[in-house]
Structures are given as C-alpha cells and as structure tokens.
Amino acid sequence: MNNIVAIVGRPNVGKSTLFNRLIQRREAIVDSVSGVTRDRNYGKSEWNGKEFSVIDTGGYVRGSDDVFEGEIRKQVELAIDEADVIIFVVDVEEGITPMDDAVARLLRKVTKPVLLAVNKVDNAMREKDAIEFYNLGLGEYYTFASISGSGTGDLLDALIDAFPIKPEPTQEEIVLPRFAVVGRPNAGKSSFINALIGKERYIVTDIAGTTRDSIDTKFDRFGFEFNLVDTAGIRRKAKVKEDLEFYSVMRSVRAIEHADICILIIDATRGFEGQDQSIFWLAEKNRKGVVILVNKWDLVEKETMSTRDYEEKIREELMPFTDVPILFVSALTKQRLLKALEATVKVFENRQQRIATSKFNEFMLKVIEAYPPPATKGKYVKIKYCMQLPTPTPQFVFFANMPQYVKEPYKRYLENKIRENWDFSGVPIDIYIREK
C-alpha cells in the first residue's frame, strides 16, 4: 500500500512547482475553482523503486492572518491527520514569515515525520541564508530549487527513509475483496452502507484495517462476502471544521489506495459534478475497478428517457473511459441495492479475469490483420504476437517490429476490441507495445 505525502506551507513558496516536479507533469495546480481538473490535489510519484501519493494542500490567503487561520489551517490540519509524511515548504528569499511560524507551531505538535524543505536555494549565498530556518524548531532542513530541480534528490532520499514500515496484510484481507464506498460529502455514502448492513448487527464484525485510519466492515449477506471500506467514517474529524471538498479528496485517496473496487456514489439531485470526476479519476489512476451509483434517484422527477439521458451525460464526462457500470439507486428506499452489489462483484471478477494466450492471439491477430497500424514515413508496423501480462490488473502487451510508430489512437482501437470480446466493464486496461 502506498504512503501519502502532503506538501504544506503558505502561498507562493513553490509547493505547486514541487508537486508538478514530483508527479513529473507540467500542469498548473488551480485552487479555489469549482469543477477543477482531476490533477488539482492529487498525484502519483516514485523514487528509488518506491511509489507514493502526493497531495498539494494548496495555499491561499484572502486578506489577513485571520483568514490564514480559517483557510490554510484547516487544510494543513487535514493533511497532518491523513498523511504519512509531511513536507513543509518555505522560501529562502523571504525568510521566516509570521505564516511560516504559524504552520511550524502546528507541525511541532505532531508525531509524524516532517521534512522542512527550503525552496529557491540555487547558489552558495542562499545556502548560507537557509541557516535561519533552524529557528522554526523543526530540526534539520533540506535545501532545493523546485524550478531547476537541484537538491530534490536529497529531499526525496530523506522522504523515502521517513516512510513508516507498513504492517503485512493478514491472510483474511488477502482473500476477501475490498470495496471502498467513495464520493463527495452528503452524497449518501453512510445511508448506502447502513442500508446494506441493516439492523441485524450480528452479521457484521469490525476488523482493524492495515493502517492506522482504516476500518473494514466484513459484509456477509445475500451470498456476497467482502470487506467494505467506509470513507464516511474512517477517522474522527479531529476537531477540524473541514473544507468539505478537500476533505473528501483526502479521505478518498486513502480509501482508494486500500481498495480493489471503488463504489462511487453521486447525488442524483446535484448531478455529476467536478468533485465526483476528481474522485473517479483517482480510482482510474490507481487502476481500481469502478462502479457508479446514482443515489437519491427517488427524489428526481422522472421524465421520458430521463435515466438514459442522465447516464449519457455522465459517460460524456468520463471520456474516454466509458465502459463503466452506472446504476440508479436509492439508499432510502433500498431500490436496486442488490443489483448494485451484483454489479460490484462482477467488476471485481472482471478485474481478476485472465485470458489464455492462445485465445487472445487467435482473436486479436485477426483484428490487427483487418485493420493494421497506419504506416508512418513509408514504414509498415507488423504485430505478430500478443499476450496478457501476469499482473494484478489487466495489462496486455503487443510485440511489434517498430513499436515507436504505434500511436495512442491505435492503442485505443486495440483496447476497444478487447472490451468488445471480453467483459472488462468497470476496469481500466493498460496496453503496451514492445519490440519483438
């Protein structure tokens, strides 16, 4: 299971630049905007063979330090609450500011590893200036320049060393699938789980999860048996008046990391909003299976073909990954809950599916022969062999004489043909082209 790293600090110290460098994408990190892109808060990174998740808490101040208390403090406290390691970014050009002091006071109280990262140190003079940051009382500091990347290697080495040792999962957790119920606040996650569990509490056993903040509920009814991960109640709210949007992302990151399948619950009365998309793409990035449940369907005024129209709008937002089960349910009236469970179990089975190499070649080579990769610069690409890789999630490799000329549209064509012939509904697929 991956560790989670939170980048905290006041505005304009280079948090987003460091975030972009860690996830290796040049994407502007936009905050305080409704319906933001999927990469606003969350990214995946890797260093020395170890993967981890990165969260940019964002930094914004409108006015005085009072606003800092109201806006920055709650995001920093949430990051402290949910992350395994915290990177506190400061700016050598401006030195220690009152806001840096305020963040440092919070961080001195926590028992988790805190790495003090002094940004914009790109010469020997600034290296000397960085000594000032010992005054924050956080011990050793690491100097770096997020724009050029100098010094980030030492910072990442220290980060990997600071990760806690994760306990080995028990045999039961390996056997039972883990389904995470995720979604924005007030979408009906708790109501959905209560409707599933019912009042017959004897069928439920609370099992402490593999990490400090995850509690699984073992579900065993209607012939289904799995661990249910409830993001609505993973941890106490720790005296934080949370920013609900940010909070739901933090909770979802943790739950998605630990799950096999994500049950994304959206509020039918509000539609498929930006935050729902963010959580969906978190699951897709982590190569988890996804089922979308449109909850509170009993509250929506029905019109002719309203279900189909609603579903089409959601699929438009999910492009190009549209092969996802979408069900319309009501946790209150328990409408279609059993079908929702059946769909989730089916997605889990799809994710476990293994295709024999002989059958895969027999079908796919005919498909490729009927529509071969387009010629590039007068050169023809030939694919003579393909197979499914022995990986936890569906991954397929195609061996070609010139793999560099096989572009994304043709990979999408191959994926579509795989989905047409085998049921991988709700499951992301990876296509690799390798030299034969």
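Residues numbered from 1 in each chain as written. Predicted model: local features only at pLDDT ≥ 70, side-chain atom pairs only at ≥ 80, totals over all residues. Heavy atoms only, no water.

**Student:** Hey, could you run me through the sheet that holds strand S16 (residues 430-435) in this one?
**Tutor:** Each strand in a sheet pairs with its neighbour through backbone hydrogen bonds, running either in the same direction (parallel) or in the opposite one (antiparallel). Taken together, the three strands give an open sheet; going across it, the order is S14-S15-S16, and neighbouring strands pair in mixed fashion. The outermost strands of the open sheet, each flanked by one partner alone, are strand S14 (383-388) and S16. Averaged over neighbouring strand pairs, the angle between their axes works out to 20° when direction is ignored. Pairing of strand S15 (residues 395-400) with S16 involves six bridges; the strand directions are parallel. Directly across from Phe396, in S16, lies its bridge partner Ile431. Packing of helix H12 (residues 357-370) onto the sheet brings it into contact with S14 and S15, and relative to S14 it is tilted by some 140°. Across the sheet, helix H13 (residues 408-421) touches S14, S15 and S16, and the angle it forms with S16 is around 120°. (Pairing = 2+ DSSP bridges. Helix = DSSP H or I, 4+ residues; strand = E, 2+ residues; numbered from the N terminus. Axes fitted to C-alpha atoms, helices over the stretch in contact; angles between N-to-C directions. Contact = heavy atoms within 4.5 Å.)

**Student:** Sorry if this is basic, but what is going on with the nonpolar core here?
**Tutor:** A general tendency of soluble globular proteins is for nonpolar side chains to be buried together. Judged by nonpolar contacts, the single largest core of 33 residues is most densely connected at Val182, Leu264, Phe280, Ile292, Val294 and Ile314. Looking at this core, the elements that each hand over two or more residues are strand S1 (3-8), strand S7 (178-182), helix H8 (244-257), strand S11 (261-267), helix H9 (274-285), strand S12 (289-295), helix H10 (306-318) and strand S13 (326-328). Tallying contributions element by element places H9 first for this core, with five residues. Every residue in contact with Ile314, bar those within four places of it in the chain, is listed here: Ile266, Phe272, Ile292, Val294 and Ile326. Formed by 28 residues, the second largest nonpolar core is a distinct cluster that contains Phe224, Leu341, Ala343 and Phe348. (Core = buried A, V, L, I, M, F, W, Y, C linked by side-chain atoms within 4.5 Å. Buried < 20%, exposed > 50% of the residue type's maximum accessible area, 1.4 Å probe, protein only.)

**Student:** Even after reading the chapter, I still don't get the side chain of Arg287, so can you show me in this structure?
**Tutor:** Structurally, the position occupied by Arg287 is in the loop between H9 and S12. Setting aside its immediate chain neighbours within four residues, Arg287 contacts Arg351, Thr393, Pro428, Ile429 and Asp430.

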